[in-house]
Amino acid sequence: MFLESEDIIFKAEKKLSDRFEFIKDIAQYNQEKVLNAFKNCNVASRHFAGTSGYGYDDIGRDTLARVFSDIFQSESALVSPNLVSGTHALTVMLFGVLRPFDTLLSISGQPYDTLNDVLTGKNVGSLSDFSINFDKIDLVLNNEFKPIFDDKKIVKYLSEKTVKAVFIQRSRGYNLRQAISMEEVARIIKIVKEKSPQTLVLVDNCYGEFVEKTEPTEFGADAVAGSLIKNMGGGIIPTGGYIVGKSDVISQISYRLTSPSIGNEVGSYQYGYMPFYQGVFLAPVTVKNALKGALLFAEAFSSLGFEVLPKSSDIQHDIVTSIKFKTENQLIEFCRAIQHSSPIDSFLTLEPWDMPGYNHKVIMAAGTFVQGASIELSADAPIKEPYVAYFQGALTYEHAKIALKGALDCVQKYI
Ligand SMILES: *Cc1c(COP(=O)(O)O)cnc(C)c1O
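What counts and what doesn't
- Residues numbered from 1 in each chain as written.
- Predicted model: local features only at pLDDT ≥ 70, side-chain atom pairs only at ≥ 80, totals over all residues.
- Heavy atoms only, no water.
- Near = heavy atom within 4 Å.
- Polar contact = N/O pair within 3.5 Å; in protein donor to acceptor, adjacent residues only side chain to side chain.
- Areas by Shrake-Rupley, 256 points an atom, 1.4 Å probe, with all protein chains shown as cover.
- Nonpolar A, V, L, I, M, F, W, Y, C, P; charged D, E, K, R; others polar.
- Helix = DSSP H or I, 4+ residues; strand = E, 2+ residues; numbered from the N terminus.
- Expected span 1.5 Å × (residues − 1).
- Buried < 20%, exposed > 50% of the residue type's maximum accessible area, 1.4 Å probe, protein only.
- Contact = heavy atoms within 4.5 Å.
- Axes fitted to C-alpha atoms, helices over the stretch in contact; angles between N-to-C directions.
- Parallel < 35°, antiparallel > 145°, perpendicular 65-115°, else oblique.
- Left-handed = near helix turned anticlockwise from the far one by under 90°.
- Core = buried A, V, L, I, M, F, W, Y, C linked by side-chain atoms within 4.5 Å.
- Arc of directions from axis to C-beta.

Enquirer: What exactly am I supposed to notice about the site of the ligand here?
Expert: If you check the shell around the ligand, you find Ser-85, Gly-86, Thr-87, Leu-90, Tyr-112, Gln-169, Ser-171, Asp-204, Cys-206, Tyr-207 and Lys-230 and nothing else. Side-chain polar atom of Ser-85 to an oxygen atom of the ligand: 3.3 Å apart, as the coordinates give it. Between the ligand and the protein, one listed contact pairs an oxygen atom with a side-chain N or O atom of Lys-230 at 2.9 Å. Notes on the ligand: free accessible area 370 Å², of which the protein chains cover 90%. Among the residues forming the shell around the ligand, the class breakdown is 4 nonpolar, 5 polar and 2 charged.

Following this line, the structure appears as structure tokens:
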């Protein structure tokens, strides 16, 4: 039966009004947090000026780092357009603290696909090429795909081996699970630190920023990294990544970002930092819009009988909605519909493709202003069973709603 997309959306929106209030409250809290960071750092228009060459005494760069530190309640921060992506920020974080024969233990299962080669690639300058050991302990999922850490295995591992750092990925990546709640992250950090105080806690924060009122640094994470073209960029920051955390850890990482002789005293950006400040200022509200869009997609698709994560009644811990399709064709058509509802490159018809860093063919809808920015309307999927699309973003809730209509019209033809 073909249902009118408008009706589905109208009903979904009605049902979600309480959930939207909940999201609004978080955005209100985080907007104040960000405003206070700007005030505490006395941000002024001179901080927007660009620099060139070495970038010595670049106050725009240094003040931006202080704003991030304030937001994350961390001691120190690296915020840089020279970090080319989230993967790069995570790579620099790992290489900054790990040394030959150290062990890195992921306690949230296999990390995000683009880190595979970073961890265990052969002859690519991976951690394993430098004799750094990688091990992992899977998350435990309940029947609603909510993850909790496997305390028993983690504690056992920490008591038997010396672990230089544990690694936590908050968001789901391409796994059929929910994101990890901050409450759960806080709980495990406490356990890790009690069992092994010298073990560092490193966090992949991609897609998690501003989704809740707190961040991992507030619970003792030693270093936390993410992308500036996802949540933290508010849809405005043109490129870059960030790493926040304890001062000694961040200095070690800064020697890897640039060079052991110069750390974070250098790094210029000729075009100026205004979009970086504007982006982070808008980020809590951009994340709010994305969270509302994500719930609307979840509710609408589940009303048609598709499995979705999170369900519209679940508390969100990242900005993503996973939608499980019945066939490869349906998955591809969904991504194509998202592309056709995009402000940029709406005329393209997507094809699955081999992308650097991914082991399967992937399809990526990102008709975005900032290339590949997945805080903007976007959907991506590895072409493998189960056929799950990962939807996220839209700079405005209204845009998500329009795209949803297009996606429902299209997908219903392929049921
Ligand atoms: C997007 C993402 C990354 C990688 O970020 P890129 O900017 O795409 O390199 C890493 N981890 C998670 C959980 C992500 O969502």
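The structure having been displayed, the exposition proceeds.
Enquirer: Just checking my understanding: could you explain helix α11 (residues 397-412) for this structure?
Expert: The periodicity of an α-helix, 3.6 residues per turn, causes residues three or four positions apart to be oriented the same way. Taking 1.5 Å per residue, 16 residues should reach 22 Å; α11 reaches 22 Å between its end C-alpha atoms and fits that length. Among the residues making up α11, those that are buried are Tyr-397, His-399, Ala-400, Ala-403, Leu-404, Ala-407, Leu-408, Cys-410, Val-411 and Gln-412. Where α11 is buried, its residues touch α1 (5-15), α2 (17-40), α9 (274-303), β11 (320-325) and α10 (328-340).

Enquirer: Mind showing me how you'd approach the packing of α9 against α11 here?
Expert: Where α9 meets α11, the axes come as close as 9 Å, and the angle between the chain directions of the two elements is 25°. In terms of axis orientation, α9 runs roughly parallel to α11. Crossing of α9 against α11: the hand is right-handed. Where α9 approaches α11, its residues Asn-289, Lys-292, Gly-293, Leu-296, Phe-297, Ala-300 and Phe-301 are matched on the opposing element by Tyr-397, Ala-400, Lys-401, Ala-403, Leu-404, Ala-407, Leu-408 and Val-411. Each residue belonging to the contact of α9 with α11 can be placed in one class, and the counts come to 11 nonpolar, 2 polar and 2 charged.

Enquirer: So what exactly am I meant to see when it comes to the nonpolar core here?
Expert: Across soluble globular proteins, nonpolar side chains show a tendency to be buried alongside one another. Counting residues in each nonpolar core, the largest one holds 101 residues, and the members touching the most others are Phe-68, Ile-168, Phe-297, Phe-301, Phe-325, Phe-334 and Ile-338. Excluding anything up to four places from it in sequence, Phe-325 contacts Phe-301, Phe-306, Gln-330, Leu-331, Phe-334, Tyr-387, Ala-389 and Val-411. Membership of the second largest hydrophobic core comes to 27 residues, among which are Leu-90, Met-93, Phe-95 and Val-118.

Enquirer: Hey, could you run me through helix α6 (residues 151-160) in this one?
Expert: All of the buried residues along α6 are Ile-154, Tyr-157 and Leu-158. Looking straight down α6, one finds that the buried residues subtend no more than 95° of arc, so they occupy a single side. Among the exposed residues of α6, those pointing more than 90 degrees away from its buried face are Lys-152 and Glu-160.

Purely spatial values, then, with no claim about function.
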